[in-house]
Amino acid sequence: MGVHRQPRAAQPRDRDPRGAGAAARRRRPGEAGELVALADRASVRLSRLVDDVLDVDRIERDEFTVTPERIDLAELVREAAAAFSALAQGRSVTLTCDTPTELVVRCDSGRLHQVLANILGNALSVSQPGQRVTLRLRGTEEGARVEIADQGPGVPIAMRDRIFDRFVQVDDSESRRLGGAGLGLFVCRRVVELHGGRI
């Protein structure tokens, strides 16, 4: 069935040279930049939510997989930290990254980057100006251990057994303001489990 788009009827503001365009010209440059930044953050949140929903659907249908290959995990961790450096600076949070020069393992680099991005983003979102977030990588007998530590309020003891379940969020104002759906950590746990690890 074909769908044909009808020509859009002219709206009053289309015929008013002093309408939206004039309002935009009157807006101070700083305000315009803030609007663009807000729109960009909203777009990123929506994109991540869509990705999480699709991943959860694949997990439930047992179609969620990883594709391991030999990579330098130390480089991947450093890249993840670099990707969040601007966010940390914008929040006046110190982000440090401590890795060996090289640590070669077999893993799905895209999926592990997804895990690092989710947890780093969470850590930075609950951090206050002047606080620190630390990302650390160490080699172990089993392979590797990645630690992400922040100085935020932490997860309440009563929530720790459920925080990686679907749709579970720490119920505080900051979490609600950030608009998460409680799916990211559920996906993270599955990624780590498919690599034979635990989170």
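For the structure, check the block above.
The rules we used
- Residues numbered from 1 in each chain as written.
- Predicted model: local features only at pLDDT ≥ 70, side-chain atom pairs only at ≥ 80, totals over all residues.
- Heavy atoms only, no water.
- Helix = DSSP H or I, 4+ residues; strand = E, 2+ residues; numbered from the N terminus.
- Buried < 20%, exposed > 50% of the residue type's maximum accessible area, 1.4 Å probe, protein only.
- Areas by Shrake-Rupley, 256 points an atom, 1.4 Å probe, with all protein chains shown as cover.
- Expected span 1.5 Å × (residues − 1).
- Polar contact = N/O pair within 3.5 Å; in protein donor to acceptor, adjacent residues only side chain to side chain.
- Salt bridge = Lys/Arg side-chain N within 4 Å of Asp/Glu carboxyl O.
- Pairing = 2+ DSSP bridges.
- Axes fitted to C-alpha atoms, helices over the stretch in contact; angles between N-to-C directions.
- Contact = heavy atoms within 4.5 Å.

**Student:** Before we move on, can you summarise the overall build of the protein chain with the specific residues and values?
**Tutor:** When helices and strands are counted, the protein chain shows seven helices and five strands. In the protein chain, the succession of α and β elements from N to C terminus is α-α-β-α-α-β-β-α-β-β-α-α. The buried share of the protein chain, reckoned over its 199 residues, is 29%. Approximately 13600 Å² of the protein chain is accessible, and the part contributed by carbon and sulfur atoms is 50%.

**Student:** Please give an account of helix α5 (residues 109–125) that cites residues and values.
**Tutor:** Compared with the 24 Å implied by 1.5 Å per residue over 17 residues, the 24 Å span of α5 between its first and last C-alpha is a close match. N-cap assignment for α5: the residue whose side-chain oxygen lies 3.1 Å from the backbone N of G110 is D108.

**Student:** Explain the pattern of salt bridges residue by residue, including any values.
**Tutor:** All told, the structure shown has five salt bridges when counted by the stated rule. Residues R138 and D98 are paired through a salt bridge, measuring 2.6 Å at the closest nitrogen-oxygen approach. Here R138, found in strand β4 (residues 132–139), pairs with D98, found in strand β2 (residues 94–98); they are 40 residues apart in sequence, far enough to count as distant. Note that E193 is salt-bridged to R190, the shortest N-O span being 3.7 Å. Of the two residues, E193 and R190 both sit in helix α7 (residues 184–194), three residues apart, roughly one turn of that helix. Residues joined by salt bridges that share partners form a network here, namely D98, R136, R138, R145 and E147.

**Student:** Mind laying out the sheet that holds β2, listing which residues take part and the relevant values?
**Tutor:** Taken in spatial order, the three strands line up as β2-β4-β5 in an open sheet, and their pairing is mixed. Of all strands in the sheet, those bounded by a partner on one side alone are β2 and β5 (144–149). Here the average twist between neighbouring strands, direction ignored, is 5 degrees. In the sheet, β2 pairs with β4 via five bridges, with the strands oriented parallel. Across the sheet, residue D98 finds its bridge partner in β4, namely R136. Packing against the sheet, helix α3 (residues 73–83) makes contact with β2, β4 and β5, and its axis sits at approximately 170 degrees to β4.

**Student:** I'd like to hear about the side chain of Q131, residue by residue, with values.
**Tutor:** With respect to the helices, strands and loops of the structure, Q131 is situated in the loop between α5 and β4. Of the polar contacts made by the side chain of Q131, one reaches the backbone nitrogen of Q128; its length is 2.8 Å. When neighbours within four sequence positions are excluded, Q131 is seen to be in contact with S92, V93, T94, V126, Q151 and G152.

**Student:** Now, about the environment of I71: what can you tell me, with residues and values included?
**Tutor:** Along the polypeptide, I71 turns up in strand β1 (residues 69–72). For the pair I71 and C107, spaced 36 residues apart in sequence, the C-alpha separation works out to 7.0 Å. Setting aside residues no more than four positions away along its own chain, I71 makes contact with L76, L103, V104, V105, C107 and S109.

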